[in-house]
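Survey of secondary and tertiary structure
Now for the letters of each chain:
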Amino acid sequence: MVILISQSAGIPKESLDSLGPVKKPITHPAAALTGRKFIDEAPGIDSMGIWECSPGRWERTVKQEEFAHFVKGSARFTPAHGEPIDIRAGDTIWFPANTGGVWEITEDVRKVYVIIDRPTLWREFKRFFKTKLRRWLGLSPAPAEPQQNIATGAAPVTVWRSVDEQPQRP
């Protein structure tokens, strides 16, 4: 399956989900998070989506590898062991697993991200346990990948469009 998030900077904030405040705020009120996941636990990918944050300062450790492209705003990330990194719209960054530091947001910032899921014994155990627990509780299994179009051999494309790109009605 191919996922296209068309014009991610133009998607209205109201179309994203509220994710609550940051977990370890340094300033108050705590910065607020919004976002939308487009992939959740696909092989090799923990998640992929849009993430947005309001102004504030907080501490965070990125547990897994993350690849991100910033599409709006600006931020400063100061790694626990390193020099500050200024990030602005148009910048792309990769964080190794267990990257800790302080985020400082002075204006709303939005990124499109991919959290990379490198297989480990612990992650495989958790995935196995979640599947067994869902079956035991009688819940449906995690959604499977859509089937390819047999006539063309092409995988379906999921498209998320900004308001500016919505088809116009006659």
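See the structure shown above.
Across its full length, the protein chain carries one helix and twelve strands. The N-to-C order of helical and strand elements in the protein chain reads β-β-β-β-β-β-β-β-β-β-β-α-β. Counting every position in the protein chain, which comprises 170 residues, the buried fraction comes to 31%. Within the protein chain, contacts between residues at least 6 apart in sequence are counted, and of these 64% link residues at least 24 apart.

Aromatic ring pairs are defined here through the distance separating the ring centres and the angle between the ring planes. Inspection of the entire model under this criterion finds seven aromatic pairs. Ring centres 6.4 Å apart and planes at 45° place the aromatic pair tryptophan 51 and tryptophan 58 in the tilted group. The pair formed by tryptophan 51 and tryptophan 58 is uniform in burial state, with each residue classed as buried. When the centroid spacing of 4.9 Å and the interplanar angle of 45° are considered together, the rings of phenylalanine 77 and tryptophan 103 count as tilted. Of this pair, phenylalanine 77 sits in strand β7 (residues 74-79) while tryptophan 103 sits in strand β10 (residues 99-105), placing them 26 residues apart in sequence. Judged by its relative accessible area of 1%, phenylalanine 77 falls in the buried class.

Of note, glutamate 52 is situated in strand β4 (residues 45-53). For glutamate 52, the side chain forms a polar contact with the side chain of lysine 13, separated by 3.4 Å. When sequence neighbours within four positions are dropped, the list of residues in contact with glutamate 52 reads Lys13, Leu16, Ala32, Leu33, Thr34, Lys72, Asp108, Val109 and Arg110.

Glancing now at helix α1 (residues 121-136). In this model, α1 (16 residues) spans 22 Å end to end at C-alpha, consistent with the 22 Å of a helix rising 1.5 Å per residue. Positive phi appears at glycine 138, one or two residues downstream of α1, with a value of about 80°.

Turning to the nonpolar core, a few remarks are in order. Grouped together as the largest cluster of nonpolar side chains are 19 residues, with contacts concentrated most on Trp51, Cys53, Trp58, Phe70, Trp103, Ile105 and Val109. For this core, the elements supplying multiple residues, two or more each, are β4, β5 (56-62), β6 (66-72), β7, β9 (92-95), β10 and β11 (109-116). Of the residues forming this core, the biggest block, three residues, is contributed by β11. Filtering out sequence-adjacent residues up to four positions away, tryptophan 51 remains in contact with Leu33, Thr34, Gly35, Trp58, Val109, Arg110, Lys111 and Tyr113. Among the nonpolar cores identified, the runner-up in size contains eight residues, and Ile5, Leu16, Met48 and Val112 belong to it.

With that out of the way, let us pick up the pattern of salt bridges. Using the criterion set out here, one finds ten salt bridges in the structure. Put simply, lysine 13 and glutamate 52 hold a salt bridge, and the shortest N to O gap is 3.4 Å. Of this pair, lysine 13 sits in the loop between β1 (2-5) and β2 (17-21) while glutamate 52 sits in strand β4, placing them 39 residues apart in sequence. One salt bridge in this structure joins glutamate 66 and arginine 60, with 3.8 Å as the shortest N-O distance. Residue classification places glutamate 66 among the buried positions, given a relative accessible area of 2%. With a relative accessible area of 31%, arginine 60 lands in the partly exposed category. Shared partners join several salt bridges into a network, and the residues in it are Lys13, Glu52, Asp108 and Arg110.

Thresholds, definitions, all that
- As a convention, each chain's residues are numbered from 1 in the sequence order in which they are written.
- Per-residue local features of the predicted model are confined to residues with pLDDT of at least 70, and side-chain atom pairs are confined, for both listing and counting, to 80 or more; whole-chain, interface and lining totals are unaffected and use all residues.
- Heavy atoms throughout the structure, all of them, feed into the side-chain values; hydrogens and water do not.
- Only DSSP runs of H or I covering at least 4 residues are called helices, and only runs of E covering at least 2 are called strands; the numbering of each starts at the N terminus.
- For every residue, the accessible area obtained with a 1.4 Å probe (protein chains only) is divided by the maximum for its type, and the residue is called buried under 20%, exposed over 50%, and partly exposed between those limits.
- Should any heavy atoms of two residues lie within 4.5 Å, those residues are considered in contact.
- Only the six-membered ring of Trp is used, alongside the rings of Phe and Tyr, when aromatic pairs are assigned; centres must lie within 6.5 Å, and planes under 30 degrees apart are stacked while those over 60 apart are edge-to-face, with the rest tilted.
- The definition of a polar contact used here is a pair of N or O atoms within 3.5 Å, where within protein one atom must be able to donate a hydrogen and the other to accept one, and adjacent residues in sequence count solely through side-chain atom pairs.
- The length a helix should cover is 1.5 Å for every residue beyond the first.
- Residues belong to a common nonpolar core when they are buried Ala, Val, Leu, Ile, Met, Phe, Trp, Tyr or Cys residues joined through side-chain atoms within 4.5 Å.
- The salt bridge definition used is simple: a Lys or Arg side-chain nitrogen within 4 Å of an Asp or Glu carboxyl oxygen.

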